[in-house]
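Here's the letter readout for the chains.
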Amino acid sequence: MTTKKRATSGLEFVQGLVDGTLPLNTMAETLGYDIVEVAKGRVVAAATPNERHRNPAGTVHGGLAATLLRQLHGLAVQSMLDKGFAQTTLEFRFRWFAPSTPQTAW
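The following refers to the structure shown. (Residues numbered from 1 in each chain as written. Predicted model: local features only at pLDDT ≥ 70, side-chain atom pairs only at ≥ 80, totals over all residues. Heavy atoms only, no water.)

## Some points on a nonpolar patch on the surface
Then step 1. Together, Leu69, Phe92, Phe94 and Trp96 make up an exposed nonpolar region whose accessible area comes to about 360 Å².
Then step 2. Secondary-structure assignment places Leu69 in helix α4 (residues 62-78). (Patch = residues over 30% accessible without salt bridge, like charges linked within 9 Å, V, L, I, M, F, W, Y side chains within 5 Å. Areas by Shrake-Rupley, 256 points an atom, 1.4 Å probe, with all protein chains shown as cover. Salt bridge = Lys/Arg side-chain N within 4 Å of Asp/Glu carboxyl O. Helix = DSSP H or I, 4+ residues; strand = E, 2+ residues; numbered from the N terminus.)

Structure below.
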C-alpha cells in the first residue's frame, strides 16, 4: 500500500484521482480512461473507445469493458474504506448482451 493511500481514507484517495492531486495508474493511461466523479461507493469514469480498442471482428474488445468495470469496482470499494485499509478483487464476472462499437454509448 502506498504511503499516500495509508494516510488518507479511501474516499479521499479516490477523490485525489478525480481532482488530479494523485496520478491515475498506467492502465488508465494505456486504455485512455479518466476517473471523473466519486462519492462513497460510487465511481464514474469517462472513456471513448477508438480504433485501437477493436477486436478482429471490428467491435470493441470485451477486455476494455471488463478492465474498466474491474477498475471502477475496486475504486468504488476503496472509496468506502477507512484510512489504512486496502481491497482486492477475489472474483469478477459479467455477461455480454450486445457487442460494443466505438459509436455505442456505454
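## Structural notes on helix α2 (residues 10-19)
Then step 1. Listing the buried residues of α2 in full gives Gly10, Phe13, Val14, Gly16 and Leu17. Burial along α2 is one-sided: seen end-on, the buried residues are contained in an arc of 145°.
Then step 2. Count one or two residues on from α2 and you reach Gly20, which has phi positive near 85°. (Buried < 20%, exposed > 50% of the residue type's maximum accessible area, 1.4 Å probe, protein only. Arc of directions from axis to C-beta.)

## What to know about the nonpolar core
Then step 1. In this structure, Val14, Tyr33, Ile35, Val43 and Leu75 are the most contacted members of the largest nonpolar core, which totals 16 residues.
Then step 2. If you list the elements that add at least two residues to this core, you get α2, α3 (26-31), β1 (33-39) and α4.
Then step 3. With residues near it in sequence (within four places) discarded, Val43 still touches Val14, Ile35, Glu37, Val38, Leu72, Leu75 and Ala76. (Core = buried A, V, L, I, M, F, W, Y, C linked by side-chain atoms within 4.5 Å. Contact = heavy atoms within 4.5 Å.)

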